[in-house]
Amino acid sequence: MFALDGKIALVTGASRGIGRAIAQVLAEQGARVVVAFASQEAAANEVVSALCAAGKQAEAVQLDVSDSARVDAVIADVVKRHGKLDLMVANAGMSVDALLLRLKDEDLDRMLAVNLRGAMACARAAIKTMMRARTGRVVFLTSVVGEMGNAGQSGYAATKAALIGVTRSLAREVGSRGITVNAVAPGFIDTDMTSSIQGDTRAAVEKQIPLGRIGTPADVAAAVAFLCSDEAAYVTGHVLRVNGGMYT
Ligand code: NAP
């Protein structure tokens, strides 16, 4: 199930956390994975080395998704070298947490540029080649916060809620070309993004999760692998919640 042999995948923000786990599972399922990083080249190279040592196919590339020209160039280069791009996983994201009263314009602009415009730029560049191929998969990483809201995260929530609108709209735009567009909405996942939440606050979060534990990057990666697979061919415009029941 979920075999991805012969597929070419690009995963943004794959140097760490959820993106790293996605790159690993896609490669384990047989895809050749382009592991994109923004700043952490050594971490991305480690991901690639470990995969190649295990007989999988992977390569690293620097890609700050807020630079649309760079997004276009990287995707054009992937298509030139491998002949196609089958799977686009727009995972890169960041958060500057602040109550709206204290949220600075520059922090809001940065979140919009990376989480929303960056993800859209990746999808736009990817569907150009997918439309010609009349097949392809786009997966966005949204968040439980985009649906549920969270005090101190109105800016981040805005970007993630917007991605849900993008998912549903783009699914309608490209469905006739054999391309599916879906989003995965993780709950609270144990990565660098959530590492500052410790102690009583972390325990309080855990209490809100019916499955009784914080999620792992692998929990999310499995859902992405499903959406990338042939088995998910009839799933599009969907937001798949991977949140332990925290929000249903
Ligand atoms: P993370 O551990 O903080 O890792 C963030 C990744 O995004 C890194 O690989 C980083 O690259 C990359 N990145 C940051 N800014 C970038 C930019 N401008 N261009 C390209 N890449 C950039 O985050 P995570 O927890 O794995 O989150 C991954 C995705 O899941 C994000 O979209 C996040 O919003 C979403 N999410 C996370 C949670 C959670 O609880 N962790 C919950 C819901 C949704 P470098 O390492 O090279 O800097």
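Everything that follows concerns the structure shown earlier in this document.
First, a word on scope: everything that follows refers to the structure included in this document. (Residues numbered from 1 in each chain as written. Predicted model: local features only at pLDDT ≥ 70, side-chain atom pairs only at ≥ 80, totals over all residues. Heavy atoms only, no water.)

1. Some points on the overall build of the protein chain
Reasoning step 1: Within the protein chain, the secondary structure is distributed over eight helices and seven strands.
Reasoning step 2: Against the compact-globule benchmark of 18 Å for 248 residues, the protein chain has a radius of gyration of 17 Å, which places it among compact chains.
Reasoning step 3: Its C-alpha atoms put the protein chain at 50 × 35 × 35 Å along the principal axes.
Reasoning step 4: The buried share among the 248 residues of the protein chain stands at 49%.
Reasoning step 5: In the protein chain, once contacts between residues fewer than 6 apart in sequence are set aside, the share between residues at least 24 apart is 73%.
Reasoning step 6: Summed over all atoms, the accessible surface of the protein chain reaches about 11400 Å², with 51% contributed by carbon and sulfur.
Reasoning step 7: Distance between charge centroids for the protein chain: 6 Å, based on 26 positive and 24 negative side chains. (Helix = DSSP H or I, 4+ residues; strand = E, 2+ residues; numbered from the N terminus. Rg over C-alpha atoms; globule rule 2.2 N^0.38 Å. Buried < 20%, exposed > 50% of the residue type's maximum accessible area, 1.4 Å probe, protein only. Contact = heavy atoms within 4.5 Å. Areas by Shrake-Rupley, 256 points an atom, 1.4 Å probe, with all protein chains shown as cover. Lys, Arg positive; Asp, Glu negative; His and termini not counted. Charge placed at Lys NZ, Arg CZ, Asp CG, Glu CD.)

2. Some details on helix H2 (residues 41–53)
Reasoning step 1: For H2, which comprises 13 residues, the first-to-last C-alpha distance of 18 Å matches the rise-based estimate of 18 Å (1.5 Å per residue) to within 8%.
Reasoning step 2: Among all positions of H2, only Ala43, Ala44, Val47, Val48 and Leu51 are buried. The buried residues of H2 occupy an angular sector of 140° when projected down its axis, which confines them to one face. Within H2, the exposed residues directed more than 90 degrees away from the buried face are Ala42 and Ala53.
Reasoning step 3: In this structure, the buried residues of H2 make contact with helix H1 (17–28), strand E2 (32–37) and strand E3 (57–62).
Reasoning step 4: Of the residues one or two after H2, Gly55 is the one with positive phi, at around 85°. (Expected span 1.5 Å × (residues − 1). Arc of directions from axis to C-beta.)

3. Description of the site of the ligand
Reasoning step 1: Residues in close proximity to the ligand total 30 residues, the closest being Ser15, Ser39, Asn91, Tyr156 and Thr191.
Reasoning step 2: Between the ligand and Ser39 there is a distance of 2.7 Å, counted from an oxygen atom to a backbone nitrogen or oxygen.
Reasoning step 3: Taking Asp64, its side chain carries an N or O atom lying 2.9 Å from a nitrogen atom of the ligand.
Reasoning step 4: Only H1, helix H4 (105–133) and helix H6 (154–174) provide two or more residues apiece to the shell around the ligand.
Reasoning step 5: Considered class by class, the residues forming the shell around the ligand number 13 nonpolar, twelve polar and five charged. (Near = heavy atom within 4 Å. Polar contact = N/O pair within 3.5 Å; in protein donor to acceptor, adjacent residues only side chain to side chain. Nonpolar A, V, L, I, M, F, W, Y, C, P; charged D, E, K, R; others polar.)

4. A look at helix H8 (residues 217–228)
Reasoning step 1: Between its terminal C-alpha atoms H8 stretches 16 Å, which fits the 16 Å expected from twelve residues at 1.5 Å a residue.
Reasoning step 2: Every buried residue of H8 is listed here: Pro217, Val220, Ala221, Ala223, Val224, Ala225, Leu227 and Cys228.
Reasoning step 3: Where H8 is buried, its residues meet H1, strand E4 (87–90), strand E5 (136–141), strand E6 (179–186) and strand E7 (239–242).

5. Re unusual backbone geometry
Reasoning step 1: One non-glycine residue, Phe2, lies in positive phi territory at about 60°.
Reasoning step 2: Tracing the sequence through the fold places Phe2 in the segment before strand E1 (8–11).
Reasoning step 3: Taking the relative accessible area as the measure of exposure, Phe2 reaches 24% and is therefore partly exposed.

6. Looking at the packing of H4 against H6
Helix packing geometry: the angle between the two helix axes and the distance between the axes.
Reasoning step 1: Running from N to C, H4 and H6 point in directions that differ by 15°, and their axes come no closer than 9 Å. Taken together, the axis directions place H4 and H6 in an arrangement best described as roughly parallel. In this structure, the crossing between H4 and H6 has a hand that is right-handed. Of H6, the residues touching H4 (which contributes Leu108, Met111, Leu112, Asn115, Leu116, Ala119, Met120, Ala123, Ile127 and Met131) are Gly155, Tyr156, Thr159, Lys160, Ala162, Leu163, Val166, Leu170 and Val174.
Reasoning step 2: A class-by-class count of the residues in the contact of H4 with H6 yields 15 nonpolar, three polar and one charged. (Axes fitted to C-alpha atoms, helices over the stretch in contact; angles between N-to-C directions. Parallel < 35°, antiparallel > 145°, perpendicular 65-115°, else oblique. Left-handed = near helix turned anticlockwise from the far one by under 90°.)

7. Concerning the pairing of E2
Regular strands place side chains that alternate from one sheet face to the opposite one.
Reasoning step 1: The element E2 is extensively covered by neighbouring structure, given that five of its six residues are classed as buried.
Reasoning step 2: Where E1 and E2 come together, four bridges link them in parallel fashion. Following the sheet pairing, Leu10 is matched in E2 by Val34.
Reasoning step 3: Following the chain from E1 across H1 to the adjacent parallel E2, one finds a crossover that is right-handed.
Reasoning step 4: The β-α-β motif built from E2, the intervening H2 and the parallel element E3 has right-handed crossover chirality. (Pairing = 2+ DSSP bridges. Right-handed = clockwise from strand over helix to strand, strands pointing away.)

So far we have only geometry, and geometry alone does not tell us how the molecule works.
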